[in-house]
Amino acid sequence: MAQLRYGAAIGQALADAMEADPQVIIMGEDIAGAGGSFGITRELLDKFGPDRVIDTPISEAAIAGMAVGAAVSGLKPVVEIMFMDFTTLAMDALVNQAAKARFMFGAQVSVPMVLRTPHGGGVSAGPQHSQCLEAWFAHVPGLKVVCPSGPANAYGLLRSAIADPDPVVFVEHKGLYGQRGEVPEVLAPIALCKAATVRGGEHVTVVAYGAAVPLALQAAEQLASGGISIEVIDLQTIQPWDEAAVLASLSKTGHLVVVHEAVEQFGVGAEIAARMADVGFAHLRGPIVRLGAPFMPVPFSTELETQYRPSAPRLITAVRKALGKE
């Protein structure tokens, strides 16, 4: 196994996709010479030139609109929206155009575009640069929503997202960009819509995605010392999510906790909990527990932001609650 940073894995996936397919282009604010806000696209301009690495005006609506037009014209655009908060300005192109085109035109048109955007806190960027809005897009028929948890699946999922014939919202956690992790010697695509069991366990199923996955693994290590074995499921794709994988784990453990950094109310965890209470009711031996952020804007203060975001101790408390030990 090799070591690679999360951000570098995403950059490598973009470079490899562009090398493999001349129809792949990337667009966004300052992505060319500057390499984007987090340096992900650095060096791609020198390798592929300004016709394929395109700096855009500061207009998220224009960026998304251009991507839809380019996609229906035969290109495979990958656009970067600097912060997920700014996708609010691209909603019409994504929700009313990209997501609906296949349906509106009788499956004669597809929109093979990817929208990359970072979400999440941990860098004291405040309430307008730290939101986790993935549940919005998961609610829209016609969009796929993907959120990798580490370098290996960041590379593999992005390659598959770029190859997908329909629009994909690819959500990256900004707090993970600098983190290193193991990757295979030969990097390869990872199928969308499939969860991964990243740790086996017997007592509780913990479902997570993105930065909540390493958090769950940290909590699992601490719980194991007390004799509690948790199985960690990394969703990888939020929509369509791998219901079968979660149900299979729940049928083994009988207990379920869902954790994410987005606000708890009306979130991804709510959908998973509701569905498992329906199809998995016979397997449940205790309450389904959700853990997310409180229903408030993300604080600027580092200390307050730390309290706002889910933590390993809070997840341990949630697991104990699911087991009836709290």
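Numbering of residues begins from 1 in every chain and follows the order in which that chain's sequence is written. In view of the model being predicted, local features appear only for residues whose pLDDT reaches at least 70, and side-chain atom pairs are presented and counted only at 80 or more, with totals across whole chains, interfaces and linings using the full set of residues. Excluded from the side-chain calculations are hydrogens and water; all other atoms, namely the structure's heavy atoms, are used.

## Quick word on the overall build of the chain
Part 1: Only DSSP runs of H or I reaching four residues or more are called helices, and only runs of E reaching two or more are called strands; each is numbered from the N terminus. A tally of helices and strands in the chain yields 12 helices and 14 strands.
Part 2: A compact globule built from 326 residues should have a C-alpha radius of gyration of about 20 Å, and the chain, at 19 Å, falls within 12% of that.
Part 3: On the principal axes, the C-alpha backbone points of the chain span a range of 60 × 45 × 40 Å.
Part 4: Residue pairs in contact within the chain that sit at least 24 positions apart in sequence constitute 82% of those at least 6 positions apart.
Part 5: For the chain, the accessible surface area stands at approximately 13700 Å², while carbon and sulfur atoms represent 56% of it.
Part 6: The charged-residue count follows a simple rule in which Lys and Arg add positive charge and Asp and Glu add negative charge, with His and chain termini not counted at all. For charged residues, the charge sits on one atom: NZ in Lys, CZ in Arg, CG in Asp, CD in Glu. Averaging the positions of the 23 positive and the 32 negative side-chain charges in the chain gives two centres separated by 6 Å. Radius of gyration here is computed from C-alpha atoms only, and the compact-globule reference equals 2.2 Å multiplied by the residue count raised to the power 0.38. Here a residue-residue contact requires only that any non-hydrogen atoms of the pair lie within 4.5 Å. The Shrake-Rupley method, run with a 1.4 Å probe, gives the accessible areas here. Residue values count only the displayed protein chains as cover.

## Points about the sheet that holds strand E12 (residues 237–239)
Part 1: Two strands form a pair only when DSSP identifies at least two bridges running between them. Taken in spatial order, the 7 strands line up as E3-E2-E4-E5-E7-E6-E12 in an open sheet, and their pairing is mixed. For this open sheet the edge positions go to strand E3 (53–55) and E12, each flanked by a neighbour on one side alone. Taken pair by pair, the neighbouring strands of this sheet meet at an average axis angle of 25°, ignoring direction.
Part 2: As judged from the 5 bridges shared by strand E2 (residues 24–28) and strand E4 (residues 76–80), these two strands associate in the parallel manner. Directly across from isoleucine 25, in E4, lies its bridge partner proline 77. Helix axes are fitted only over the stretch in contact, all axes being lines through C-alpha atoms; the angle between N-to-C directions runs from 0 to 180 degrees.

## Description of the packing of aromatic side chains
Part 1: Pairing of aromatic rings covers Phe, Tyr and the six-membered ring of Trp, with a centre-to-centre limit of 6.5 Å; geometry is then stacked below 30 degrees between planes, edge-to-face above 60, and tilted otherwise. Scanning all chains against the criterion turns up 4 aromatic pairs.
Part 2: The interplanar angle of 75° and the centroid separation of 5.8 Å between the aromatic rings of phenylalanine 38 and phenylalanine 83 together place this pair among those described as edge-to-face. Of the two residues, phenylalanine 38 is situated in the loop between E2 and helix H2 (44–48) and phenylalanine 83 in the loop between E4 and helix H4 (91–98); the sequence distance between them amounts to 45 residues.
Part 3: A relative accessible area of 32% means that phenylalanine 38 is categorised as partly exposed. Between buried and exposed lies partly exposed: a residue is buried under 20% and exposed over 50% of the maximum accessible area for its type, with that area taken using a 1.4 Å probe on protein chains only.

## Let's talk about the state of the cysteines
Part 1: A pair of sulfur atoms, both from cysteines and within 2.5 Å, is called a disulfide here. Applying the stated rule across the entire model yields 0 disulfides.
Part 2: Free of any disulfide, cysteine 132 has its nearest neighbouring cysteine sulfur in cysteine 147, separated by 7.9 Å.

## Re helix H8 (residues 212–224)
Part 1: Helices are assigned an expected span. That span is 1.5 Å times one less than the residue count. The terminal C-alpha atoms of H8, which comprises 13 residues, lie 18 Å apart, in line with the 18 Å expected from a rise of 1.5 Å per residue.
Part 2: Every buried residue of H8 is accounted for by Ala212, Val213, Leu215, Ala216, Ala219, Ala220 and Leu223. For H8, the angular spread of the buried residues around the axis is 155°, confining them to a single face.
Part 3: Looking at the buried residues of H8, the elements they touch are strand E9 (196–199), strand E10 (204–208), strand E11 (230–234), strand E13 (256–263) and helix H12 (312–322). By construction, the arc corresponds to the directions joining the helix axis to the C-beta atoms.

## Some remarks on the packing of helix H9 (residues 243–253) against helix H10 (residues 268–279)
A pair of packed helices is characterised by two quantities: the angle between their axes and the separation of those axes.
Part 1: In the contact formed by H9 and H10, the axes pass within 11 Å of each other and the chain directions differ by 60°. Considered as vectors, H9 and H10 are oriented oblique to each other. Here the hand of the crossing between H9 and H10 comes out right-handed. Side by side, H9 and H10 meet where Glu243, Val246, Leu247 and Leu250 of the first sit next to Ile272, Arg275, Met276 and Val279 of the second. Here roughly perpendicular refers to angles of 65 to 115 degrees, roughly parallel to angles under 35, roughly antiparallel to angles over 145, and oblique to all remaining angles. Here a crossing is taken to be left-handed if its near helix is turned anticlockwise relative to the far helix by less than a right angle, and right-handed if that turn runs clockwise.

## Some details on the pattern of salt bridges
A side chain with one charge can pair with a side chain of the opposite charge if their charged atoms come near.
Part 1: Each salt bridge in this description consists of a side-chain nitrogen of Lys or Arg and a carboxyl oxygen of Asp or Glu lying within 4 Å of one another. All told, the structure shown has 11 salt bridges when counted by the stated rule.
Part 2: A salt bridge links arginine 309 to glutamate 261; the shortest N-O distance between them is 3.1 Å. One end of the pair, arginine 309, is in the loop between helix H11 (302–308) and H12; the other, glutamate 261, is in strand E13, with 48 residues separating them in the sequence.
Part 3: The exposure class assigned to arginine 309 is partly exposed, which follows from its relative accessible area of 22%.
Part 4: Residue classification places glutamate 261 among the buried residues on the basis of a relative accessible area of 13%.
Part 5: If you follow the salt bridges from partner to partner, you end up with Glu80, Arg116 and Glu172 in one network.

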